[in-house]
Amino acid sequence: MRTVDIIQKKRDGFPLKEKEIRFLIEGYTRGEIPDYQLSAWAMAVYFQGMNAQETAILTDAMASSGERVDLSPIHGVKVDKHSTGGVGDKTTLIVGPLVAACGVPVAKMSGRGLGHTGGTIDKLEAIPGFHVELTREEFITNVNTIGLSVISQSGNVTPADKKLYALRDVTATVDSIPLIASSVMSKKIASGADAIVLDVKFGSGAFMKTKEEAETLARAMVEIGREVGRKTIAILSSMEQPLGYAVGNALEVKEAIATLNGKGPEDLTELCLTLSAWMIYLGKKAPTIEEARSLAEQALYEGKALSLFADFVAAQGGNPIVSEKPEEVLPQAKRVVQVLSRERGYIMGIHGEKVGLAAMKSGAGRETKESSIDPSAGVILYKKSGDQMEVGQCLAEIHCDSAIDVSQAIELLIEAYEFSPHPGEGSPLLGGVIQ
Ligand code: URA
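As a starting point, this report considers the structure included with it.

Thresholds, definitions, all that
Residues numbered from 1 in each chain as written. Predicted model: local features only at pLDDT ≥ 70, side-chain atom pairs only at ≥ 80, totals over all residues. Heavy atoms only, no water. Pairing = 2+ DSSP bridges. Helix = DSSP H or I, 4+ residues; strand = E, 2+ residues; numbered from the N terminus. Axes fitted to C-alpha atoms, helices over the stretch in contact; angles between N-to-C directions. Contact = heavy atoms within 4.5 Å. Near = heavy atom within 4 Å. Polar contact = N/O pair within 3.5 Å; in protein donor to acceptor, adjacent residues only side chain to side chain. Areas by Shrake-Rupley, 256 points an atom, 1.4 Å probe, with all protein chains shown as cover. Nonpolar A, V, L, I, M, F, W, Y, C, P; charged D, E, K, R; others polar. Buried < 20%, exposed > 50% of the residue type's maximum accessible area, 1.4 Å probe, protein only.

1. Some points on the sheet that holds strand β1 (residues 79-83)
Then, in step 1: A sheet is described by the order of its strands in space; here four strands give the open sequence β1-β4-β5-β13, paired in mixed fashion. Only two strands of the sheet have a single partner each, and these edge strands are β1 and β13 (430-434). Averaged over neighbouring strand pairs, the angle between their axes works out to 15° when direction is ignored.
Then, in step 2: Where strand β4 (residues 195-202) lies against strand β5 (residues 231-238), eight bridges are found, and the strand directions are parallel. Bridge pairing in β5 links Phe202 to Ser238.
Then, in step 3: On top of the sheet, helix α10 (residues 211-228) reaches β4, β5 and β13; it is set at about 165° to β5, its chief contact.
Then, in step 4: In the packing of helix α12 (residues 266-282) onto the sheet, contacts are made with β1, β4, β5 and β13, and the angle to β4 comes to roughly 155°.

2. Here's the deal with the site of the ligand
Then, in step 1: In the neighbourhood of the ligand, the contacting residues comprise Tyr165, Arg168, Ile180, Ser183, Val184, Lys187 and Phe207.
Then, in step 2: Between a nitrogen atom of the ligand and a side-chain N or O atom of Tyr165, the distance comes to 3.5 Å.
Then, in step 3: Within the side chain of Lys187, a nitrogen or oxygen atom sits 2.6 Å from an oxygen atom of the ligand.
Then, in step 4: Protein contacts shield 93% of the accessible area of the ligand, which totals 240 Å² for the unbound molecule.
Then, in step 5: When residues of the shell around the ligand are traced back to their parent elements, those giving at least two are α8 (159-169) and α9 (177-190).
Then, in step 6: A per-element tally of the shell around the ligand places α9 first, with four residues.
Then, in step 7: Split by residue class, the shell around the ligand holds four nonpolar, one polar and two charged.

3. Let's talk about unusual backbone geometry
Then, in step 1: Its identity is not glycine, yet Ala172 carries a phi of approximately 55°, on the positive side.
Then, in step 2: Relative to the helices and strands, Ala172 is located in the loop between α8 and α9.
Then, in step 3: Judged by its relative accessible area of 55%, Ala172 falls in the exposed class.
Then, in step 4: A positive phi angle, near 60°, is found at Lys284, a position not held by glycine.
Then, in step 5: Locating Lys284 in the fold gives a position in the loop between α12 and α13 (289-301).
Then, in step 6: Lys284 gets classed as exposed once you look at its relative accessible area, which sits at 66%.

These values are about where atoms sit, not about what they do.
Have a look at this one:
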């Protein structure tokens, strides 16, 4: 078999055979097929696409390129959740304890943030003492005893995806539906999930700019799940504005704790309850989605999820008092700068990527993989879609160190807000369920 023939076949629009896809992925992982050939192939896929069967084979080839995590020592149906990437998305911090409090074991591997996107691991590490490197035994024991553990993604899971994603990032081939779908699903499958709940975002702050594109991506992932025997459902949710009000690690932990206390922002609470209900249902803890939703509401409003969060934090070395007094335990920024509106009108949308970049410039995120971050830094939005603004009113706050130059972050926040002279509803948060 020759790589060039496989590239040509895809370039000319023909479906690839299983052995050809496996040859490419295995050869690339071993370093026998060079980047320039995989780049050409990725571009051919970008233009020609892949059918459902090819996409499922690609997913399986990437899932098999490294370690497959064995979660069989954990009792019950292991349901994982994945978001395709949003700004202010702290749902794992809420959904994890919520579904664990309803009896669904959550054994989660998460990543760090890069650029305008945040990562669950960075958020958890904002809690003093919290550590994300556990042995396999500690990880399993914590899930079996507390119901929840979150660790840093192992370096050995899906090496093919790591290499290919980095290559796609610099060859303009990220936004291809079969490549995104196989990348996301290969990681979930290799991480040992029995069932998967996906949060597929659409809007200005997401990969998929329209709900229709998000639906196509969601269908591709649900189809892969079906092909490989892991029940998968996808929720479509809007990223026409960041989720909640806080963007930045400690600030997001504080907002997640408020939400676990039943006092969170409406959009964040609703999305978390929706995701949790599906996880509880797929985890076979309720016979219908409606009953799963009421179990989730009970766990949230009766304080069970918050108490499980405190146990989870303590089990991973963090200070559990954070759940009662987050402002005393979490790091606080030295300086808070208010960003004032230069316009009047009604807010129509808030560009998530710009808010994420403003948070990064304030010190909350990484410009490159090697950058260090300030856990206390970030942005608090004061106003969201539908709200009315006057010139000079506060739009947002920047939390940062005294040495940070905030001029770029201010401009990004000003640009992020979109105004209209007329009141409007903005886009609804939830765009449907694909199963
Ligand atoms: N997230 C992933 O994990 N992979 C992609 O290709 C895009 C988003």
